[in-house]
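Chain and residue survey
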Amino acid sequence: MSIQATFDGIKNKIETKASDAIKERLGDIADYAVMISPVSTGAYVNSFSIGKAGFGGGRVQSSANKPMYQDEGFMKQQALDNLYGDIDRLAVKQGLEDGNARFTLRNRSEHATNVENGTGWTRTKAYEVFRKVKGNFS
C-alpha cells in the first residue's frame, strides 16, 4: 500500500509569485524610464505605455500648444500613474500560463526619435532613454 499527495496548488502559487515579480520588475522599468526622461512640455514623458509584446497603439501626446518648462515632478508622477495602471491591467499570470509573458515599453510621442537620438537638435544631446533602459534591464 502507498500513500500519496498531489499538490495542485503549487503551480498556481508559483505562477502567482512569478506574476507578482514580473509586475514589480515592470514597475522598476517604468520608474527608471520616467526618471531619466526629459520634461519640457510633458508630452514625451506622458507618451509612455507598457503592454503585452506586439500590442497596438499606446499613449501619444503632442507638445503643440503646450507651454514649456512644465512642473517636472507633476509630469513625471502623471506618467508613472499611467504606467502603473498599464502594469496593473496586464494579464501577466495568463501570459505565464500560455508561455507568452513578453512585454513592451513604448513611447509614441511625436518627437520620441529626437529625444532618443538627438536627431535634429543642436543644443541638446540625445537622451538615449530606451538604450539606457535596455542596458539596465536586459
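Residues numbered from 1 in each chain as written. Predicted model: local features only at pLDDT ≥ 70, side-chain atom pairs only at ≥ 80, totals over all residues. Heavy atoms only, no water.

1. Here's the deal with the packing of helix H1 (residues 8–35) against helix H2 (residues 72–89)
Describing two packed helices takes the angle between their axes plus the distance from one axis to the other. Worth spelling out the cut-off: To obtain an axis, a line is fitted to C-alpha atoms, over the contacting stretch when the element is a helix, and the angle between two such axes runs from 0 to 180 degrees between their N-to-C directions. Counting from the N terminus, the helices are DSSP H or I runs at least four residues long and the strands are E runs at least two residues long. When an angle is under 35 degrees it counts as roughly parallel; over 145 it counts as roughly antiparallel; between 65 and 115 it counts as roughly perpendicular; any other value is oblique. Rotating anticlockwise by less than a right angle from the far helix to the near helix defines a left-handed crossing, while the corresponding clockwise rotation defines a right-handed one. Contact definition: two residues touch when any of their heavy atoms are within 4.5 Å. For this classification, the nonpolar set comprises Ala, Val, Leu, Ile, Met, Phe, Trp, Tyr, Cys and Pro, the charged set comprises Asp, Glu, Lys and Arg, and every other residue, Gly included, is treated as polar.
Between H1 and H2, the shortest axis-to-axis distance is 10 Å and the interhelical angle comes to 155°. On the basis of the axis angle, H1 is roughly antiparallel to H2. In the crossing of H1 with H2, the sense of the turn from one axis to the other is right-handed. Where H1 abuts H2, its residues Lys23, Leu26, Gly27, Ala30, Asp31, Val34 and Met35 lie against Lys76, Ala79, Leu80, Leu83, Tyr84, Ile87 and Asp88. For the contact of H1 with H2, a count of residues per class yields nine nonpolar, one polar and four charged.

2. Examining a negative patch on the surface
Test applied: A patch consists of residues exposed above 30% relative accessible area that lack any salt bridge, with like charges linked at up to 9 Å and nonpolar side chains (Val, Leu, Ile, Met, Phe, Trp, Tyr) linked at up to 5 Å. Values of accessible area rely on a 1.4 Å probe in the Shrake-Rupley scheme; residue burial ignores everything except the protein chains shown. Criterion for a salt bridge: a side-chain nitrogen of Lys or Arg within 4 Å of a carboxyl oxygen of Asp or Glu. Only four residue types enter the tally: Lys and Arg on the positive side, Asp and Glu on the negative side; His and the chain ends are excluded. Charged groups are reduced to one reference atom each: NZ for lysine, CZ for arginine, CG for aspartic acid, CD for glutamic acid. Note on exposure labels: buried denotes an accessible area under 20% of the residue type's maximum, exposed denotes more than 50%, and partly exposed covers the range between, all computed with a 1.4 Å probe on protein chains only.
A grouping of Asp20, Glu24, Asp28 and Asp31 is seen on the molecular surface, where their side chains present a negatively charged patch. For aspartate 31, the location among the structural elements is in helix H1. Residue aspartate 31 is classed as partly exposed on the basis of its relative accessible area, which comes to 33%.

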